[in-house]
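Chain by chain, the residues run as shown.
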Amino acid sequence: MTQPDPRAALIPDQSARINVATYTNYLDAQRAVDYLSDQKFPVERTAIIGEGLKTVEQVTGRLDWGRAAGLGFGQGLFIGLFVGLIFSVLGLGSGNLLFSIAYGMVVGAIFGLVWGLVGYALSGGRRDFTSIGGMKADRYAVVADAEVAEQARTLLANLPSR
């Protein structure tokens, strides 16, 4: 027996909604909903739906031992900085703010360096590049509940152009 998806209650059924405007980029769709909000329109009755979705992975560089070590070191350094700050704020350090922060950064950097190298070694050369992934839509539809769709369309007709 399959369990219902608990997120389904957070996202209403979009089939009962009417398309009031379509945009070629997300920022324009967001601007339209923001304009509706400024006009005191009940924006909780709208949604922005990306149509024609694609997964895009932009390759940002080659990954080798040096880069894996550098990325791990940098990430560990910042995590160590954060942990050192938390420890010093909570009074869990030796009482010296700078010592707690420096100690956290050193331990974090060493741990991050080792973790980065181990992770790269375990990949076995299967993914020797770094990348940033995301979703891209061909168009973005602003939809509204049927009862308020015409009001949204009328308001958006007065949306000032950029």
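What counts as what
Residues numbered from 1 in each chain as written. Predicted model: local features only at pLDDT ≥ 70, side-chain atom pairs only at ≥ 80, totals over all residues. Heavy atoms only, no water. 1 Å grid on protein atoms, 1.4 Å probe; cavity = no way out; pocket = protein on both sides within 12 Å on 5 of 7 lines; lining within 4 Å. Points joined across faces, edges and corners; volume = space filled by probe spheres on them. Helix = DSSP H or I, 4+ residues; strand = E, 2+ residues; numbered from the N terminus. Nonpolar A, V, L, I, M, F, W, Y, C, P; charged D, E, K, R; others polar. Expected span 1.5 Å × (residues − 1). Buried < 20%, exposed > 50% of the residue type's maximum accessible area, 1.4 Å probe, protein only. Contact = heavy atoms within 4.5 Å. UniProt positions renumbered as here; feature names shortened; annotations may be inferred. Pairing = 2+ DSSP bridges. Axes fitted to C-alpha atoms, helices over the stretch in contact; angles between N-to-C directions. Parallel < 35°, antiparallel > 145°, perpendicular 65-115°, else oblique. Left-handed = near helix turned anticlockwise from the far one by under 90°.

Colleague: I'd love a proper account of the layout of surface pockets, names of residues and values included.
Modeller: Of the pockets and cavities examined, the largest pocket occupies roughly 320 Å³. The wall of the largest pocket is formed by 16 residues, among which Ala 68, Leu 71, Gly 72, Gln 75 and Gly 116 lie closest to the centre. Only helix 2 (65-90) and helix 3 (97-123) provide two or more residues apiece to the lining of the largest pocket. No other element matches the 8 residues that helix 3 contributes to the lining of the largest pocket. Residues belonging to the lining of the largest pocket are distributed by class as follows: 7 nonpolar, 9 polar and no charged.

Colleague: Any details on helix 2? Residues and values, ideally.
Modeller: The end-to-end C-alpha separation of helix 2 is 37 Å, in line with the 38 Å expected for 26 residues at 1.5 Å each. For helix 2, the set of buried residues is Ala 68, Ala 69, Gly 72, Gly 76, Gly 80, Gly 84 and Ser 88. In this structure, the buried residues of helix 2 make contact with helix 3. Two residues or fewer after helix 2 comes Gly 91, characterised by a positive phi angle close to 75°.

Colleague: Quick rundown of the UniProt feature "transmembrane region" (unreviewed entry) in the protein? Include the residues and the values.
Modeller: Under the present numbering, the feature "transmembrane region" (unreviewed entry) in UniProt falls on residues 68-91 and 97-122. Taken end to end, residues 68-91 is 96% helix and 0% strand, and its two terminal C-alpha atoms sit 34 Å from one another. Helix makes up 100% of residues 97-122 and strand 0%, and the two end C-alpha atoms of the span are 37 Å apart.

Colleague: Account for the sheet that holds strand 5 (residues 139-145), naming residues and giving values.
Modeller: Overall, antiparallel pairing links the 3 strands, which are arranged 1-5-2 in an open sheet. Sheet topology places strand 1 (17-23) and strand 2 (46-51) at the edges, where each strand pairs with a single neighbour. Direction aside, the axes of adjacent strands within the sheet are offset by 30° on average. Contacts from helix 1 (residues 26-38) reach strand 1, strand 2 and strand 5 within the one sheet, and its direction differs from that of strand 2 by about 170°.

Colleague: Give me the lowdown on the packing of helix 2 against helix 3, citing residues and values where you can.
Modeller: Two elements in contact, helix 2 and helix 3, have axes separated by 5 Å at closest approach and are oriented at 150°. Relative to helix 3, the element helix 2 is oriented roughly antiparallel. When the axes of helix 2 and helix 3 are compared, the crossing they make is right-handed. Here the residues of the contact of helix 2 with helix 3 sort into 15 nonpolar, 10 polar and no charged.

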